[in-house]
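Descriptive structure summary
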Amino acid sequence: MEIRNIYCIGRNYRLHALELGNDVPTTPMVFTKPTHALAAMNGGDIVIPKGRGEVHFELEIVLRISERYTSGMDAEQAFDSFTLGLDLTLRDVQSKLKAKGHPWLAAKGFKQSAAIGAWLPFDNLEQINSGEFTLIRNAEVAQLGHPNDMIFSIREILAFIDAEYGLGSGDLIYTGTPAGVAKLDEGDLLEAHWNGEMIGSCSIR
Ligand code: ZN
C-alpha cells in the first residue's frame, strides 16, 4: 500500500515531555513529515544530517490506516498494520525553532528521518496496549516503552486527527516516544524490538 500522510504525535509520554523540559500537553500535539522522509529499518544504513547539531533517536509505535477506512471508524477497525519507527530529530535545530515559534519541518522532516520496521498485522487495541517495545543501541537498552503509558490513547489520537486534518488509507500515525531519547553517533547499530522480537534494524551513517 502506498504511504500517504505521515502524522506524528509529540510529547505523548509524560516522562519524555519532562526530560526535554516541556509541559505535558492538554490536547494532542500533531506534526507531519514528508513521505520523502521514509526509510526502511531493514538492516541497511540510515544516513543522518551532518554539521547541524545533535540527531536524536525516538522509537515509536507506528500505526497504518487500512484500505477500508472511512472517516469516523473506530480504532479497532481503522488500522490494518503496525510497526516500530524512528522519528529522527535534529534536536539542536528543533530547540532553535521552538524558541522562535517556527515550524518543526527542518528538525523533523529531513530525508530518512522516518525509518520504519517490518509491518505486523494489527488485531486490536489490547494487542498494542499490552505490549512493550525497546530500542537497543549497540547491544544496550536505550528506550523501553509501554503503549499503555501514552497521554493520549490511540483511540483519542485517531479521533483527533480524523476530525482536524482527515485520514485515509495508507496514512501513518507515529504515536510518540517514551523517555530515553539521546544523540546518535555514526556507526551506531539500532534494533527495534516488539515484545522481545526484533522487527527492524539499521546502521547509522
Ligand atoms: Zn517523536
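A brief look at the structure comes next. (Residues numbered from 1 in each chain as written. Predicted model: local features only at pLDDT ≥ 70, side-chain atom pairs only at ≥ 80, totals over all residues. Heavy atoms only, no water.)

Here the focus is the overall build of the protein chain. Counting its secondary structure elements, the protein chain contains six helices and 15 strands. By the compact-globule yardstick of 17 Å for 205 residues, the protein chain fits well, its C-alpha radius of gyration being 16 Å. Seen through its C-alpha atoms, the protein chain measures out along the principal axes to roughly 45 × 40 × 30 Å. Out of the 205 residues in the protein chain, the part that is buried amounts to 52%. Considering only contacts within the protein chain whose residues lie at least 6 apart along the sequence, 76% involve residues at least 24 apart. Counting every atom, the protein chain has about 9,100 Å² of accessible surface; 48% of that belongs to carbon and sulfur. Once the 18 positive and 27 negative side-chain charges of the protein chain are each reduced to a mean point, those two points are 9 Å apart. (Helix = DSSP H or I, 4+ residues; strand = E, 2+ residues; numbered from the N terminus. Rg over C-alpha atoms; globule rule 2.2 N^0.38 Å. Buried < 20%, exposed > 50% of the residue type's maximum accessible area, 1.4 Å probe, protein only. Contact = heavy atoms within 4.5 Å. Areas by Shrake-Rupley, 256 points an atom, 1.4 Å probe, with all protein chains shown as cover. Lys, Arg positive; Asp, Glu negative; His and termini not counted. Charge placed at Lys NZ, Arg CZ, Asp CG, Glu CD.)

A few words on the pattern of salt bridges. Throughout the structure, instances matching the rule amount to nine salt bridges. Close ionic contact of K108 with E58 constitutes a salt bridge, the shortest N to O distance being 3.3 Å. Remark: E58 occurs in the loop between strand 5 (55-56) and strand 6 (59-65) and K108 occurs in helix 4 (residues 105-108); sequence separation between them is 50 residues. The pair formed by K108 and E58 is uniform in burial state, with each residue classed as buried. Among the ionic pairs, D185 bridges to K183, the shortest N-O distance being 2.5 Å. (Salt bridge = Lys/Arg side-chain N within 4 Å of Asp/Glu carboxyl O.)

Further remarks concern the coordination of the zinc ion. The expected angle between donors at a tetrahedral four-coordinate metal is 109.5 degrees. At an octahedral six-coordinate metal it is 90 or 180 degrees. For the zinc ion, the full set of protein donor atoms is E58 (OE), E60 (OE) and D87 (OD), at a range of 1.9 to 2.1 Å. In the primary sequence, the donor residues of the zinc ion line up as E-x1-E-x26-D. In this pair, E58 sits in the loop between strand 5 and strand 6 while D87 sits in strand 7 (residues 79-87), placing the two residues 29 residues apart along the sequence. A relative accessible area of 1% places D87 in the buried class. (Donors = N, O, S within 2.8 Å, 3.2 Å for Na, K, Ca; no water.)

We now examine the pairing of strand 14 (residues 189-194). Strand residues, when the strand is regular, have side chains that alternate between the two faces of the sheet. Of the pairings in the sheet, the one linking strand 11 (residues 133-137) to strand 14 comprises five bridges and is antiparallel in character. Considered in strand 14, the bridge of T134 is made with H193. The hairpin formed by strand 14 and strand 15 (residues 197-204) contains two residues between the paired strands, and N195 there has a positive phi angle of roughly 50°. (Pairing = 2+ DSSP bridges.)

A separate point is the sheet that holds strand 15. Strand order in this open sheet of five strands is 4-15-14-11-12, and the pairing throughout is mixed. The sheet is open, and its two borders are formed by strand 4 (42-46) and strand 12 (140-145), each paired with just one other strand. For this sheet the average axis-to-axis angle between neighbouring strands, irrespective of direction, equals 20°. Pairing geometry for strand 14 and strand 15, over six bridges, is antiparallel. Residue pairing across strands places L190 opposite C202, the latter belonging to strand 15. (Axes fitted to C-alpha atoms, helices over the stretch in contact; angles between N-to-C directions.)

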